[in-house]
Amino acid sequence: MSKPIGLLGGTFDPIHIGHLRPAISTMERLGLGEVRLLPNYIPPHRATPDSAPEHRLAMVRLAVAQTPGLTVDDRELRRNRPSYTIDTLTELRRELPHRPLCFLMGMDSLCSLNRWHRWRELLDHAHLVVSYRPGWTADFNDDVAGLYRAHGTRDRELLHRRPGGCIYLIDNPQLEVSSTQIRQCIKAGNNPQYLLPDPVTAYIREKGLYQGPVL
C-alpha cells in the first residue's frame, strides 16, 4: 500500500510557519508520502477571509514551492461554496479508494468535532491525526469522548495499513503564530519577517495585502 497522504485545511490568510513547520514535522514523523494543503473557500466555523481566494492560493503555492513533500490542492476554492471537510474527504476517497488519508488538525478542533458538518462520517473516509501539547489534558465532550474510545490508537502503523478510521494523537505542538497576528503586524507597518516564508512576504508587499481593517 502506498504511503498515507496528509491533508491540512485552512484559510491560510496568510500562510505562515505555524502552518508549515508542524506539517513538515508530522510528515516526517509519521512517514507520510506528502501533505496536501487545502485552502478553504469560506470556512464554516470562522470569519470570511480578509484576502481573496486567488491571493491565498498564490501565497500557499509560493510557500510550498521549495519544500519537498508539501503540495497544494485547490479543490475547495473551486467549489465556490462553504468548505465542508466531509465533502473534500468524500471526493478524495472516490479518487483514491485504497490510499490511506490522514486529516491533520489541532486538539482544539477535535474537542469541538461534534459541531462539524456530518462529523460522524469523517472517519469513514480518513484517519484524524491530532496535534496536542504534551501534558495538556483534552476536555472531550461526551460525543467526542465516545468517538475517541472507539477509534483512538497509539499504533502508528495502522495509519499505513488502513485507509481510514483511526484517531491518532501526536505530540506536535503548534507554534504560537497566527494569521491574525501577522495581519495586525502588517497593518501597523511592522516587519513580519521570519513569521512566514520570504516569497509570501514579498507577495504581500507587491499586492498591498492586509493594509485595510483587520478582521
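Our structure's up above, just so we're on the same page.
Reference entry: report on the structure contained in this document. For clarity, every value in this text was computed on a predicted model and none was experimentally measured. (Residues numbered from 1 in each chain as written. Predicted model: local features only at pLDDT ≥ 70, side-chain atom pairs only at ≥ 80, totals over all residues. Heavy atoms only, no water.)

As a further point, take the sheet that holds strand E1 (residues 5-10). Read across the sheet, 7 strands follow the order E3-E2-E1-E4-E5-E7-E6 without closing on themselves; strand pairing throughout is parallel. Of all the strands in the sheet, just strand E3 (70-72) and strand E6 (152-153) have a single pairing partner and so form its edges. Bridge analysis of strand E5 (residues 127-131) against strand E7 (residues 167-170) gives 4 bridges, and the strand direction is parallel. Bridged to Val130 within E7 is Leu169. (Pairing = 2+ DSSP bridges. Helix = DSSP H or I, 4+ residues; strand = E, 2+ residues; numbered from the N terminus.)

As a further point, take the pairing of E5. Along E5, 5 of the 5 residues are buried, which leaves the element largely enclosed by surrounding structure. On E5, burial covers both faces: His127, Val129 and Ser131 on one face and Leu128 and Val130 on the other are all buried. Examined bridge by bridge, strand E4 (residues 101-106) and E5 share 5 bridges and lie parallel to one another. Paired with Leu104 across the two strands is Val129, which belongs to E5. (Buried < 20%, exposed > 50% of the residue type's maximum accessible area, 1.4 Å probe, protein only.)

As a further point, take the packing of helix H2 (residues 53-64) against helix H9 (residues 198-207). Two numbers describe how H2 lies on H9: the axes approach to 8 Å, and their chain directions differ by 150°. The orientation of H2 relative to H9 falls into the category roughly antiparallel. Here H2 and H9 pass one another in a crossing that is right-handed. Between H2 and H9, the residues in contact are Glu54, His55, Ala58, Met59, Leu62 and Ala63 and Pro199, Val200, Tyr203, Ile204 and Lys207, respectively. In terms of residue class, the contact of H2 with H9 is made up of 8 nonpolar, 1 polar and 2 charged. (Axes fitted to C-alpha atoms, helices over the stretch in contact; angles between N-to-C directions. Parallel < 35°, antiparallel > 145°, perpendicular 65-115°, else oblique. Left-handed = near helix turned anticlockwise from the far one by under 90°. Contact = heavy atoms within 4.5 Å. Nonpolar A, V, L, I, M, F, W, Y, C, P; charged D, E, K, R; others polar.)

The pairing of E6 with E7 spans 2 bridges and is parallel. Within the sheet, the bridge partner assigned to Thr153 lies in E7 and is Tyr168.

For the coordinates displayed, the defined rule picks out 16 salt bridges. The salt bridge partner of Arg36 is Glu34, with a shortest N-O separation of 3.3 Å. Using a relative accessible area of 17% as the deciding quantity, one classes Glu34 as buried. Here Glu91 makes a salt bridge to Arg75, at a shortest N to O gap of 3.0 Å. Of this pair, Glu91 sits in helix H4 (residues 85-95) while Arg75 is found in helix H3 (residues 75-79), placing the two residues 16 residues apart along the sequence. When its relative accessible area of 9% is taken as the criterion, Arg75 is described as buried. Each of the salt bridges in this network shares a partner with another, and the network as a whole consists of Glu34, Arg36, Asp73, Arg75, Arg79, Glu91 and Glu95. (Salt bridge = Lys/Arg side-chain N within 4 Å of Asp/Glu carboxyl O.)

If you walk through the whole model with that rule in mind, you get 2 aromatic pairs. Centre to centre, the rings of Phe103 and Trp116 are 6.2 Å apart; their planes meet at 90°, and the pair counts as edge-to-face. Of the two residues, Phe103 sits in strand E4 while Trp116 sits in the loop between helix H5 (107-111) and E5, which places them 13 residues apart along the sequence. A single burial state applies to Phe103 and to Trp116, both of which are buried. A ring pair is formed by Phe140 and Tyr148, whose centres lie 5.8 Å apart and whose planes are at 50°; its orientation type is tilted. (Phe/Tyr/Trp six-rings, centres within 6.5 Å; stacked < 30°, edge-to-face > 60°.)

A word on the nonpolar core. Ile15, Val35, Leu37, Met59, Leu70 and Ile204 are the most contacted members of the largest nonpolar core, which has 33 residues in total. Going through the elements one at a time, helix H1 (17-30), strand E2 (34-39), H2, E4, helix H7 (158-161), E7, helix H8 (179-187) and H9 are the ones with two or more residues in this core. When residues in this core are grouped by element, the largest group, 5 residues, is from H1. Here Leu37 is in contact with Leu8, Phe12, Ile15, Leu20, Val60, Val64, Leu70, Thr71, Val72 and Asp73, once residues within four sequence places are set aside. Membership of the second largest hydrophobic core comes to 23 residues, among which are Ile5, Ile86, Val130 and Val144. (Core = buried A, V, L, I, M, F, W, Y, C linked by side-chain atoms within 4.5 Å.)

Turning our attention to the environment of Gln184. Within the secondary structure, Gln184 sits in helix H8. The sequence separation of Gln184 and Gln211 amounts to 27 residues, and the corresponding C-alpha distance is 9.0 Å.

Another point: the environment of Asp108. Secondary-structure assignment places Asp108 in helix H5. Along the chain, Asp108 and Phe140 lie 32 residues apart, while their C-alpha atoms are 9.7 Å from each other.

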